[in-house]
Amino acid sequence: MPRRPWIVGVSGASGTPYAAAVLRALLAAGESVDLVVSRASRLTLLDETRIAFRDAHWRDDLREWLERGADGKPGTFTVDVEGDRVRHWSAGDLAAGPSSGSYPAKGMLIVPASTACVAGVALGLSKDLLQRSASVTLKERRPLVVAVRETPLSGVTLRQLVALDEAGAVVLPAAPAFYAGATHIQDLVDFVAGRVLDAAGVPHGLYRRWKGELGGGSGADE
C-alpha cells in the first residue's frame, strides 16, 4: 500500500520524553512517521538528554533518543528506526514533502508544542517546516493534535489555542493523570502520549483506562 505517514513535529518546549513515547507507540502500532525537529527543540533535547540531534546522523541520534527512558536511562527500550517507516525532514526545508497538501499524510501531532509554536500555527506564519506542515494539515482538514506544554498560559496564548480549536485542531495539554496507577515517571509520560494517540485514533496500550470503578488504578483489583 502507498506510504501514508503521521507527521510528528517536535517544538522547543520542555518535554522531549513525550515526543519519544509518541514516536515509539506509533512505530509499535505499525504506523509510518515523518519527523520534523525544530531548531529550538534540538537545544531542549540536548539539555534534557545530552543527545545532539544532527541532520547528517539523524537515524543514529533518533535511535539513541527513543531507546532512552523518561528517567534518562539508556537502553530502556528497543526501537527499530531503519527503512522507510521513518523519514526525517530538516525544519528549514520548506520544499519537503509535508510542506504540500498533495503529500499523502494521515495527520500531524505536535509533541510538545511551545507557546511560540502555538502562535506560529494559529497565525499561519509558516516560518519553518513544522509550522508549514501544521498549516497544511489544517487546510487539508486532516487531524492535528497540539500537545501544549507550557505553564502558566497567557491570555494571548489562550486565544491562540481557541483559534486552533476553531480551526479543527485538538488542543491537548500535556497534563498527566494519576488514576491509572502511575508508579514511575515513564507511566506519567506514557499517559500523555497515550492521550495524544487517542486523539489521533491510533491504538496503543500505554496506560490503564478508566473503567468506572474507584481505586481501579491502585492495583487493588489485580
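Just so we're clear, the structure is a prediction, and the values are computed from it rather than from any experiment.

**As for the pattern of salt bridges**
Part 1 of the reasoning: Tallied over the full model, the rule gives 12 salt bridges.
Part 2 of the reasoning: By sharing partners, the salt bridges in this structure join Arg-3, Asp-34, Asp-84 and Arg-87 into a single network.

**Section: the side chain of Arg-68**
Part 1 of the reasoning: Within the fold, Arg-68 resides in the loop between helix H3 (58-66) and strand E3 (86-90).
Part 2 of the reasoning: The class of Arg-68 is buried, set by a relative accessible area of 15%.
Part 3 of the reasoning: Within the structure, the side chain of Arg-68 is placed 3.3 Å from the side chain of Glu-64, a separation counted as a polar contact.
Part 4 of the reasoning: When near neighbours in sequence (up to four residues on either side) are disregarded, Arg-68 contacts Arg-24, Thr-49, Ile-51, Lys-73, Pro-74, Thr-76 and Phe-77.

**Details of H3**
Because each turn of an α-helix spans 3.6 residues, side chains separated by three or four positions end up pointing in the same direction.
Part 1 of the reasoning: If you check which residues of H3 are buried, you get Trp-58, Asp-61, Leu-62, Trp-65 and Leu-66. Summarising the axial view, the buried residues of H3 lie within an arc of 125°, below the 170-degree limit, and thus occupy one face.
Part 2 of the reasoning: Elements in contact with the buried residues of H3: strand E1 (6-10), helix H1 (16-28), strand E2 (33-37), helix H2 (39-49) and E3.

**Points about the environment of Arg-3**
Part 1 of the reasoning: Within the secondary structure, Arg-3 is located in the segment before E1.
Part 2 of the reasoning: Distance from Arg-3 to Arg-85, taken between C-alpha atoms, is 8.4 Å for residues 82 residues apart in sequence.
Part 3 of the reasoning: Ignoring anything within four residues of it in the chain, the contact list for Arg-3 reads Ser-32, Val-33, Asp-34, Asp-84, Arg-85, Val-86, Arg-87, Tyr-103 and Pro-104.
Part 4 of the reasoning: Among the polar contacts made by the side chain of Arg-3, one reaches the side chain of Asp-34 at a distance of 2.8 Å.
Part 5 of the reasoning: Here Asp-84 takes part through its backbone oxygen, which lies 2.8 Å from a polar atom of the side chain of Arg-3.

The rules behind these values
- Residues numbered from 1 in each chain as written.
- Predicted model: local features only at pLDDT ≥ 70, side-chain atom pairs only at ≥ 80, totals over all residues.
- Heavy atoms only, no water.
- Salt bridge = Lys/Arg side-chain N within 4 Å of Asp/Glu carboxyl O.
- Helix = DSSP H or I, 4+ residues; strand = E, 2+ residues; numbered from the N terminus.
- Buried < 20%, exposed > 50% of the residue type's maximum accessible area, 1.4 Å probe, protein only.
- Polar contact = N/O pair within 3.5 Å; in protein donor to acceptor, adjacent residues only side chain to side chain.
- Contact = heavy atoms within 4.5 Å.
- Arc of directions from axis to C-beta.

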